[in-house]
Amino acid sequence: MAFRLPWPGLKSPDCEARSMNGLEDWITSHKIPVGEVASNAVDWIRDHCQGGFDVISEAIGSCADGFTNLLTSVPPVLFVALLTIGVWFWKRAISTCVLVALGLLFIINQGYWQETMATLSLIFFATFTCMLIGVPIGIASAHRPWLAKILHPVLDLMQTLPTFVYLIPTLILFGLGTVPGTISTVVFAIPAPIRMTQLGISSVPKALLEAGDAFGATPRQRLWKVEVPAALPMIREGLSQCIMLSLSMVVIAALVGAGGLGVPVVRALNTVQIDTGFESGLAIVLVAIILDRLCRKKTH
Amino acid sequence: MEAVRTEPQGKTAALSFRNVDILFHRNNSSSAIAQAVKRLDEGGTREQIAAELGVTVGVANANLEIRRGEISVLMGLSGSGKSTLLRAANRLNKVTRGSVEIGNGTAFVDIANCDDETLRDMRRTRVTMVFQQFGLLPWRTVRENVSFGLELRGFTPNARRKIAEEKLELVGLTRWANSYVSELSGGMQQRVGLARAFATDADILLMDEPFSALDPLIRRKLQDELLDLQTRLKKTIVFVSHDIDEALRIGSNIAIMREGRIIQAGPPQEIISSPVDDYVRDFVRHMNPLPLLNAASVMRLLEVCPRWDDSTIQLDVTGHYGFNPVTATVSDRTGMEIPLQFHDTDDISELKVVSGCVYCVPVTASLNTVALLRQKSGMPVLISDASQIIGLCDDADMIGAITGVARASKVN
Ligand SMILES: Nc1ncnc2c1ncn2[C@@H]1O[C@H](COP(=O)(O)OP(=O)(O)OP(=O)(O)O)[C@@H](O)[C@H]1O
Ligand SMILES: [Mg+2]
């Protein structure tokens, strides 16, 4: 393979080209086995811990499916009515109630009720897991600078690594279905609650911490009576970001066999059906708007 | 409590700082701090130590005893180490060397060096704090804020509620118990801070410029309230201030700090009458002399006043009113008697001053009181000593005294 400069006017000295060529050959022939290591690791894990993964898979799968079944067992119109009433007592805002009712009725009308419930169940589980793991990690890293330093690049990686890349090992380990969908969603969404919790806890005003100390708070009391309440708005923000990020994963989750609104989107893509694509896409948008409204802080 | 020792006999100090050094280093490097302590002992100045080792000397070799039931004021310019020293009393700042002893009459605990358990116990029951920026928890109601310390100690909700109500009544905020802190004005917020501190029943109260975030009128009102509460509750108060008037008003003892050292400590009169150096003199010069002057220093003795005749002393410049020392009556030129009222205390807030009536106050009454009586009654004020009327005070006397003081302190 001859080395050519892109500019015809310039001549490259032959010897230099040859040596560069040699260098390039050397570099390519000593490939660092990143891919191999990753794949071997996954193989090893599969061979040795498959039992554990099966248990996790079973547990998450039955929980999620059970929850989906519970949601779908309620007649849709009754569900909408109950939810609207619930929202009224929670938010006391007529506009939110109208939005929820009309949005869900529209989804029923378009025939995507089952899928919407499956999506809600997936989001609920993913978000629950994210908060359960993410908030304690966020608190721990706010208290330990070294942990925050380690966590920073890891979280960046989790958010920038293309989702499809870690979809493959999750597929191998957990098989097709709801579980790999939930897990990929968790991996993608969990940086939000971790970051927001960490930010919230570490930006608690020093005056409040000192007030806690001056009145003799134990470390635990300091956490629960000062830090967490002070960081609560931030943690809540982390929750709503987490929900939105989970929702943005529905299509990708559908690719690995999770049910929900992503399924018709994928089907529409494969069969080039514009109508299905638009209907299901609109349903996703409606779910997003409704969830966003519900997450917003109460305004007095 | 392992740090308990018996206290030497005859001491009533509730809180004493002994040879306290507090040094700061950005990365808390203990070797740099140890080096700085050495430099400090060799006589290195604050600037030298900061330049050579990057260590800030917050407090250097502070010794101070605060007696039970007194209000001790720490004064000094910004950065002189007042807050740092104060915060050593509940170990919000770590003491590099020395001890801070909190006594209860028979035993004391060195709060600077005790274990965490003891420290927490002291913070919950013995020492409490009022912050400059209030430090109230915005997500709690006023009542919940007041019962914060009790909650940390594990009191039941009912007990907390009862004590909180009590303390809120003390500071006059009962009506606001269920409001959030953000709905209150600054002065009210600081009252919540006070109530929160009182609720723990700690006998030592640390106050770091508690009123300086407030406007002058409210500040004054809160100072009065604090003094009033103090007469009832008899706490030991350490109060940080950079305002000499505030210090003189509320302090029974004043310690003046400069560059981390206590350069003079003593009762207010002593600070005023014999400042140790120009730094202290400068503080004293900028004070408002009114509250410190009393009737004795302002009045004119009756002996030197002009007389109408052998028995009657002329009271005012225009010569309308006369006073007869033998019968102790005031009358005008026509011989009509003017009512004379004796008032024995310095507190005239309850008194209904009647215009045209002559008032008589003891020599210990403050100039404020005398001036108020003079203004409201429109008559000169008589001054008594041991129930004998010995002097009198009108506008000219007061102005003379004030300008005299002002002039004297400038020459000083
Ligand atoms: N946590 C800290 N870390 C480093 N340096 C500190 C710390 N706290 C105080 N200092 C330093 O100690 C010195 C004394 O500060 P301090 O806050 O006690 O002053 P102050 O007399 O209270 O002043 P002010 O009237 O402005 O409140 C200052 O030079 C300050 O920079
Ligand atoms: Mg200060």
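First, a word on scope: everything that follows refers to the structure included in this document. As a convention, each chain's residues are numbered from 1 in the sequence order in which they are written. Lettering for chains starts from A, numbering for ligands starts from 1, and both go in the order in which the items are written. Residue-level local features of this predicted model are given only where pLDDT is at least 70; pairs of side-chain atoms are given and counted only at 80 or more, and the full residue set underlies all totals for whole chains, interfaces and linings. To obtain the side-chain values, all non-hydrogen atoms of the structure were used and water was disregarded.

1. Comments concerning the overall build of chain A
Here a strand is any run of E in DSSP of at least two residues, a helix any run of H or I of at least four, and the numbering for each starts at the N terminus. Helix and strand counts for chain A come out as 14 helices and zero strands. Reading the helices (α) and strands (β) of chain A from amino to carboxyl end gives α-α-α-α-α-α-α-α-α-α-α-α-α-α. Taken over C-alpha atoms, the radius of gyration is set against a globule rule of 2.2 Å times the number of residues to the power 0.38. Computed over C-alpha atoms, the radius of gyration of chain A comes to 25 Å, more than 25% over the 19 Å expected from 2.2 N^0.38 for 300 residues, which places it beyond the range of a compact globule. Projected onto the principal axes, the alpha-carbon positions of chain A cover approximately 80 × 65 × 50 Å. Counting all 300 residues of chain A, 40% fall into the buried class. If you take every contact in chain A between residues at least 6 apart in sequence, the share linking residues at least 24 apart comes to 77%. Total accessible area computed for chain A in this model is approximately 16900 Å², and 69% of it derives from carbon and sulfur atoms. Type-normalised accessible area, obtained with a 1.4 Å probe on protein chains alone, sets the label of each residue: buried when under 20%, exposed when over 50%, and partly exposed for intermediate values. The contact definition used throughout considers only heavy atoms, calling two residues in contact when any of these lie within 4.5 Å. Here, Shrake-Rupley sampling with a 1.4 Å probe gives the accessible areas, and only protein chains in the shown set may cover a residue.

2. Examining the sheet that holds strand 16 (residues 337-338) of chain B
What holds strands together in a sheet is hydrogen bonding between their backbones, with the strands either parallel or antiparallel. Residues and elements named next belong to chain B. Overall, antiparallel pairing links the four strands, which are arranged 13-14-15-16 in an open sheet. Taken across any chain shown, the strands that pair with only one partner, and hence form the sheet edges, are strand 13 (313-314) and strand 16. By this definition, two strands are paired if DSSP reports at least two bridges between them. Pairing of strand 14 (residues 321-324) with strand 15 (residues 329-332) involves four bridges; the strand directions are antiparallel. Across the sheet, phenylalanine 323 pairs through a bridge with valine 330, a residue of strand 15.

3. Notes on the sheet that holds strand 12 (residues 300-301) of chain B
Residues and elements named next belong to chain B. Read across the open sheet, the five strands follow the order 12-20-19-18-17; overall the sheet is mixed. Every interior strand has two partners, whereas the edge strands, strand 12 and strand 17 (340-342), have only one. As judged from the two bridges shared by strand 12 and strand 20 (residues 388-393), these two strands associate in the antiparallel manner. Counterpart to arginine 300 in the pairing with strand 20 is leucine 392. Lying on the sheet, helix 14 (residues 367-377) is in contact with strand 18 (358-362), strand 19 (381-385) and strand 20; it crosses strand 18 at an angle near 175 degrees. Axis geometry follows a simple rule: fit a line to the C-alpha atoms, using only the stretch in contact for helices, then measure angles between N-to-C directions, giving values from 0 to 180 degrees.

4. Some words on the side chain of arginine 120 of chain B
Along the chain, the position of arginine 120 of chain B falls in helix 4 (residues 116-125). Setting aside residues no more than four positions away along its own chain, arginine 120 of chain B makes contact with Gly216, Ala217, Thr218 and Pro219 of chain A.

5. With respect to the packing of aromatic side chains
For Phe, Tyr and Trp, rings pair up if their centres lie within 6.5 Å, where Trp contributes its six-membered ring, and each pair is then called stacked (planes under 30 degrees apart), edge-to-face (over 60) or tilted (otherwise). Per the stated rule, a full pass over the model turns up nine aromatic pairs over all chains. An angle of 75 degrees between the planes, with centres 5.4 Å apart, marks the rings of phenylalanine 79 of chain A and tryptophan 113 of chain A as edge-to-face. Residue phenylalanine 79 of chain A is located in helix 3 (residues 76-91), and its partner tryptophan 113 of chain A is located in helix 5 (residues 113-143); the two are separated by 34 residues in the primary sequence. Like phenylalanine 79 of chain A, the residue tryptophan 113 of chain A is buried in the burial classification. Both rings, one in phenylalanine 215 of chain A and one in phenylalanine 148 of chain B, keep their centres 6.1 Å apart while their planes meet at 65 degrees; by these two values the pair is edge-to-face. Here phenylalanine 148 of chain B lies in helix 6 (residues 148-152) and phenylalanine 215 of chain A lies in the loop between helix 10 (206-214) and helix 11 (219-247), a pairing that spans two chains. Of the residues examined, phenylalanine 215 of chain A reaches a relative accessible area of 1% and is grouped as buried. Since its relative accessible area comes to 0%, phenylalanine 148 of chain B is described here as buried. Only when the NZ of Lys or the CZ of Arg is both within 6 Å of the ring centre and within 35 degrees of the ring normal is a charge said to sit over the ring. Here arginine 333 of chain B stacks its cationic end above the ring of tryptophan 308 of chain B, 4.2 Å away from the centre of that ring.

6. Looking at the environment of threonine 96 of chain A
Residues and elements named next belong to chain A. Residue placement: threonine 96 occurs in helix 4 (residues 94-110). A sequence separation of twelve residues divides threonine 96 from threonine 84, and the C-alpha atoms of the two residues are 8.7 Å apart. Aside from chain neighbours lying at most four places away, what touches threonine 96 is Val87, Arg293 and Leu294.

7. Examining the site of ligand 1
All names here are of chain B. A cutoff of 4 Å decides nearness: a residue is near a molecule or strand if any of its heavy atoms lies inside that distance of it. Inspection of the region around ligand 1 gives 13 residues, with Ser78, Gly79, Lys82, Ser83 and Thr84 positioned closest. Polar contacts here mean pairs of N or O atoms no more than 3.5 Å apart (in protein, one a potential hydrogen donor and the other a potential acceptor; neighbouring residues in sequence count only if both atoms are side-chain atoms). Taking glycine 81, its main chain carries an N or O atom lying 3.0 Å from an oxygen atom of ligand 1. Looking at the shell around ligand 1, the elements that each hand over two or more residues are strand 3 (55-67) and helix 3 (82-88). When residues in the shell around ligand 1 are grouped by element, the largest group, three residues, is from helix 3. Side-chain classes follow a simple rule in which Ala, Val, Leu, Ile, Met, Phe, Trp, Tyr, Cys and Pro form the nonpolar group, Asp, Glu, Lys and Arg form the charged group, and the remainder, Gly included, forms the polar group. Considering only residue class, the shell around ligand 1 consists of two nonpolar, eight polar and three charged.

8. Focus on helix 5 of chain A
Here helix 5 of chain A is 31 residues long and its end C-alpha atoms lie 44 Å apart, about the 45 Å a rise of 1.5 Å per residue gives. Bend is the name given here to the angle between axes fitted to two runs of seven residues, the run ending at a residue and the run starting at it. Of all the bends in helix 5 of chain A, the greatest reaches close to 25 degrees and is centred on glycine 134 of chain A; the proline proline 136 of chain A follows between one and four positions later. Given the number of residues in a helix, its expected span is that number minus one, multiplied by 1.5 Å.

9. Quick look at unusual backbone geometry
Residues and elements named next belong to chain B. Backbone geometry at asparagine 19 places phi at a positive 45 degrees, although glycine is not the residue there. You can see asparagine 19 is positioned in strand 2 (residues 13-25). Despite not being glycine, asparagine 28 shows a phi value in the positive range, around 55 degrees. Here asparagine 28 lies in the loop between strand 2 and helix 1 (30-41).

10. What about the side chain of threonine 369 of chain B?
All names here are of chain B. Positionally, threonine 369 belongs in helix 14. Threonine 369 gets classed as buried once you look at its relative accessible area, which sits at 4%. Ignoring sequence-local partners within four residues, the contact set of threonine 369 consists of Asp346 and Ile348.

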